[in-house]
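Breakdown of the fold
One-letter residues, chain by chain:
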Amino acid sequence: MERKRVVVGVSGGIAAYKACTVVRQLAEAGHSVRVVPTESALRFVGAATFEALSGQPVHTGVFDDVPAVPHVAIGQQADLVVVAPATADLLARAVAGRADDLLTATLLTARCPVLFAPAMHTEMWQHPATRENVATLRTRGAVVLEPASGRLTGADTGPGRLPEAEEINTIASLLLERADALPYDLAGQKVLVTAGGTREPIDPVRFIGNRSSGKQGYAVARVAAQRGAEVTLIAAHTAGLIDPAGVDVVHVSSAQQLHDAVTKHAPEAQVLVMAAAVADFRPARAAQAKIKKRPGEEQGPTIELIRNDDVLAGAVRARGDGQLPHMRAIVGFAAETGDENGDVLFHARAKLRRKGCDLLVVNAVGDGRAFEVDHNDGWLLAADGTESALEPGSKTLMASRIVDAVVAFLDASAG
Ligand SMILES: Cc1cc2nc3c(=O)[nH]c(=O)nc-3n(C[C@H](O)[C@H](O)[C@H](O)COP(=O)(O)O)c2cc1C
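Residues numbered from 1 in each chain as written. Predicted model: local features only at pLDDT ≥ 70, side-chain atom pairs only at ≥ 80, totals over all residues. Heavy atoms only, no water.

Some details on the environment of asparagine 169
Here is the rule we go by: Only DSSP runs of H or I with at least four residues qualify as helices, and only runs of E with at least two residues qualify as strands; both kinds are numbered from the N terminus onward. Under the scheme applied here, a residue whose accessible area is under 20% of the maximum for its type counts as buried, over 50% as exposed, and between as partly exposed, the area being computed with a 1.4 Å probe on protein chains only. Whether two residues touch is decided by their heavy atoms; if any such pair falls within 4.5 Å, the residues are in contact.
In this structure, asparagine 169 sits in helix H8 (residues 165-177). Judged by relative accessible area, asparagine 169 falls into the buried class, the value being 7%. A C-alpha to C-alpha distance of 7.2 Å links asparagine 169 and leucine 26, two positions 143 residues apart in sequence. Setting aside residues up to four positions removed in sequence, asparagine 169 forms contacts with Thr21, Val22, Gln25 and Leu26.

Okay, here's the thing in structure tokens:
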């Protein structure tokens, strides 16, 4: 990505130390980073740390470095403003349109995307004043991240934790790639996403797995949650991905467990996105003890495989039978290769017809494509015959396009 001007606002919360990693990663990605802390933030982390990490001077007030008129210039010139952490106080001041320090003045002059990553105690986060402030900022077009749940200051736990720096920067990068990627348009919708690769046990130490990293499904869950959906993510095995903030994550291992989790959660959901790579076959019997090499035996054991239930086709069937009363959109994924019978799209169209889902995301795989990498491309096929290309980009960008298609499908089916 080309070098962008990113302003990192830091307000005075206990999580201010995590802003150091946010700044470092943005600078390492090649961006020009200007840190604008509040006075309170500097009681948690010193200006010298932010100056050294960003390579730029750090001021808090509008009367510092007046000839450069920073209270106007920093916001005007920015490609993105990220406020991490955003305190309850900072959110309130942003809503009120205050300009009593350099950060709030910058928020008033910025015309680029603005991303707030709130962090505070659960009581502060759930207070009606903060809820209204967050809603107002979202109405004005700012992206306000759902905080993570977990350990807060002291011994308390609950929602209000600052998401990890990697997650904040994943979303920051998305907004730099596509400024309008995160409209708040899925509020009130329950979205069920599956991701990762299943493992089918052979014996207590071995399994049949696959190369899915879970990255695309995690990105869909993350984007849907930040667009306002209530998201449950059924996560099989992944490449050590961090659970997306604001998402309810159910960890599973085998295809059977994933099937059971989908069966349990689908009746509540309006949208199902089946991005997991679910094994088609499992060993007929998993050995209770480790299968051993026998001396003198040349031939290895033969493993008999049996079919697993098709989770996607099962969900489509269950909807048809009236068992999923709220389900409005079912999205499948197809990782295809061409062969002597036809190209990738030929096989994908056949899969869409066979499965009966509403939308199918198609990736061409092989030659280092799609699996275990951070970027992706492909096609989006709809049951009504419409087909569109998914231009190459990060898996998070791809996720935003997939969620766009889901929203458009929901709108069309409602109208
Ligand atoms: C140890 C400590 C931790 C704090 N952590 C938070 C926090 O995580 N979130 C928050 O909203 N306020 C927190 N506060 C309160 C803010 O520092 C206070 O509201 C301050 O006025 C914020 O100023 P600012 O928004 O200008 O940075 C904390 C205060 C202290 C003393």
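After that view of the structure, there is still more to cover.
A few points about the packing of aromatic side chains
The condition that has to hold: Any two rings among Phe, Tyr and Trp, with Trp reduced to its six-membered ring, count as a pair given centres within 6.5 Å; such a pair is stacked if its planes are under 30 degrees apart, edge-to-face if over 60, and tilted if neither. A ring is considered to have a charge above it if a Lys NZ or an Arg CZ atom is located within 6 Å of its centre and within 35 degrees of its normal.
Inspection of the entire model under this criterion finds 0 aromatic pairs. Stacked on the ring of tryptophan 125, the Lys or Arg arginine 131 has its end atom at 4.5 Å from the ring centre.

Comments concerning the sheet that holds strand S1 (residues 5-10)
Defined as follows: DSSP-based pairing: two strands are paired if at least 2 bridges between them are found.
The strand order across the open sheet built from 5 strands is S2-S1-S3-S4-S5, with neighbouring strands paired in parallel fashion. Edge strands, defined here as strands with exactly one partner in the open sheet, are strand S2 (32-37) and strand S5 (143-144). Here strand S4 (residues 114-118) pairs with S5 via 2 bridges, running parallel. For leucine 115, the partnering residue across the bridge sits in S5 and is valine 143.

A closer look at the UniProt feature "binding site: CTP" (unreviewed entry) in the chain
Definition in use: UniProt positions are given in the numbering used here, feature names are shortened, and annotations may be inferred rather than shown by experiment.
Taking the UniProt record as the reference, the feature "binding site: CTP" (unreviewed entry) is found at Asp280, Lys290, Phe333, Lys351 and Lys355. In three dimensions, the annotated residues from a span of 76 residues occupy distinct locations, with a maximal C-alpha spread of 37.4 Å. Looking at the element boundaries, lysine 290 is found in the loop between strand S14 (281-283) and strand S15 (305-307). You can call lysine 290 partly exposed: its relative accessible area is 43%. Look past the residues within four positions of lysine 290 in its chain and what remains in contact with it is Asp203, Pro204, Val205 and Arg206. Note on placement: lysine 355 falls in helix H12 (residues 344-355). A residue is classified by how much of its surface remains accessible, and lysine 355, at 15% relative accessible area, is buried. Aside from chain neighbours lying at most four places away, what touches lysine 355 is Asp310, Leu312, Ala313 and Val316.

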